[in-house]
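Descriptive structure summary
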2 protein chains.
Amino acid sequence: MMVKVIVTHKPGVLDPQGQTVLQSLRQLGHRDIRDVRIGKYIEIELDATSREDAERQAAQISDKMLANPVIETFRVELE
Amino acid sequence: MMVKVIVTHKPGVLDPQGQTVLQSLRQLGHRDIRDVRIGKYIEIELDATSREDAERQAAQISDKMLANPVIETFRVELE
């Protein structure tokens, strides 16, 4: 089963990578861009007995290895 | 308007970061994980006259700055 995990900064946490891209875009003339936030996108292919099991495994992995719970939050999406 | 861009490796392109996570998960006992692929997730807040305009701007930015067209592909998602 294919599970997608999206890891983003928690609201209020600074995102220097996003700010750098934002500055560069403005310097290139993209005046309509208000904000850029950069996160991670992870596709996990796993064996699971059910959708719930897949979701549970993905959340466990994300919590343990993919996201830093201090500054990041994640959501799991099933196809 | 909020636009989301997902950047992933093209099929067949090696993903060392994903492979490293996969190895670590297996060593931690996650035997059910078959594959892990890691990409980027970008949220762009922009002023646009229409959904089409927002999509066009996001695609232009992605092509220019967010994705490496040699090894990566991207898709734009509107809320």
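The structure under discussion appears in the preceding block.
Counting restarts for each chain, with residues numbered from 1 along the sequence as it is written. Note on labels: chains are lettered from A, ligands numbered from 1, in written order. Where totals are concerned, whole chains, interfaces and linings use all residues; where local detail is concerned, this predicted model gives features only for residues with pLDDT of at least 70, and gives and counts side-chain atom pairs only at 80 or more. The side-chain figures draw on all heavy atoms in the structure; neither hydrogens nor water molecules are used.

Here we come to the overall build of chain A. Helices and strands together make up the secondary structure of chain A, namely two helices and three strands. Numbering of helices and strands starts at the N terminus; helices are DSSP runs of H or I of at least 4 residues and strands are runs of E of at least 2. Start at the N end of chain A and walk to the C end: the helices and strands fall as β-α-β-α-β. Computation of the radius of gyration draws on C-alpha atoms, with the globule rule given as 2.2 Å multiplied by the number of residues to the power 0.38. By the compact-globule yardstick of 12 Å for 79 residues, chain A is too spread out, its C-alpha radius of gyration being 16 Å. Taken along the three principal axes of its C-alpha coordinates, chain A extends 50 × 25 × 15 Å. Whether two residues touch is decided by their heavy atoms; if any such pair falls within 4.5 Å, the residues are in contact. Excluding contacts between residues fewer than 6 apart, the proportion of contacts in chain A whose partners are at least 24 apart in sequence is 68%.

To continue, consider the packing of helix α2 (residues 51-66) of chain A against helix α1 (residues 16-27) of chain B. Under this scheme, a helix contributes an axis fitted over its contacting stretch, all axes are lines through C-alpha atoms, and angles between N-to-C directions fall in the 0 to 180 degree range. One can describe the packing of α2 of chain A onto α1 of chain B by two numbers: an axis separation of 12 Å at closest approach and a directional angle of 110°. The angle between α2 of chain A and α1 of chain B falls in the class roughly perpendicular. Contact residues: α2 of chain A offers Ile61, Met65 and Leu66 of chain A, while α1 of chain B offers Val21, Ser24 and Leu25 of chain B. Across the contact of α2 of chain A with α1 of chain B, the residue classes tally to five nonpolar, one polar and no charged. An angle counts as roughly parallel when it lies under 35 degrees, as roughly antiparallel when it exceeds 145, as roughly perpendicular when it falls between 65 and 115, and as oblique in every other case. The residue classification treats Ala, Val, Leu, Ile, Met, Phe, Trp, Tyr, Cys and Pro as nonpolar and Asp, Glu, Lys and Arg as charged. All others, Gly included, are polar.

Taking 1.5 Å per residue, 12 residues should reach 16 Å; helix α1 (residues 16-27) of chain A reaches 16 Å between its end C-alpha atoms and fits that length. Residue exposure (1.4 Å probe, protein chains only): buried if accessible area is under 20% of the type maximum, exposed if over 50%, otherwise partly exposed. If you check which residues of α1 of chain A are buried, you get Gly18, Val21, Leu22 and Leu25 of chain A. Each buried residue of α1 of chain A lies within a common arc of 105° when the element is viewed along its axis, so the set occupies one face. Residues of α1 of chain A that are exposed and point over 90 degrees away from its buried face: Pro16 and Gln27 of chain A. Tucked into the core, α1 of chain A has its buried residues touching β2 (33-46) of chain A together with α2 (51-66) of chain B. Each helix should span, by expectation, one fewer than its residue count multiplied by 1.5 Å. When we speak of the arc, we mean the arc of directions from the helix axis to the C-beta atoms.

Moving on to the interface of chain A and chain B. Interface extent is often summarised as the accessible area lost during association of the parts. Each partner contributes to the interface: chain A provides 31 residues, whereas chain B provides 31 residues. Each of two parts loses accessible area, computed with a 1.4 Å probe, when they are put together; buried area is these two losses added. At the boundary of chain A with chain B, total buried surface from both sides reaches about 2800 Å², with 62% on carbon and sulfur atoms. Of all residues in chain A, the largest losses of buried area upon contact with chain B belong to Tyr41, Asp47 and Met65 of chain A, amounting jointly to 21% of the total for that side. Definition used for salt bridges: Asp or Glu carboxyl oxygen within 4 Å of a side-chain nitrogen of Lys or Arg. Remark: the boundary between chain A and chain B carries two salt bridges. Definition of a polar contact: a pair of N or O atoms within 3.5 Å, with one able to donate and the other able to accept a hydrogen when the atoms are protein atoms, and with sequence-neighbouring residues admitted only if both atoms are side-chain atoms. Applying the counting rule to chain A against chain B returns 16 residue pairs in polar contact (both at pLDDT 80 or more). The pairing of β2 of chain A with strand β2 (residues 33-46) of chain B spans 13 bridges and is classified as antiparallel. Bridging across to β2 of chain B, Ile38 of chain A finds its partner in Ile42 of chain B. Being paired, for any two strands, means DSSP has found at least two bridges between them.

So, about the relation of the copies chain A and chain B. Superposing copies: least-squares fit, C-alpha atoms only, residues required to have pLDDT of at least 70 in both. By a simple turn and slide, chain A fits onto chain B: the slide is 0.0 Å along the axis, the RMSD is 0.0 Å, and the turn is 180°. Each copy turns onto its partner about a two-fold axis. Judged by C-alpha distance, Lys40 of chain A is the residue of chain A that lies nearest the rotation axis, at 2.3 Å. The share of interface residues of chain A whose copies in chain B are also at the interface is 100%, consistent with both copies meeting through the same surface.

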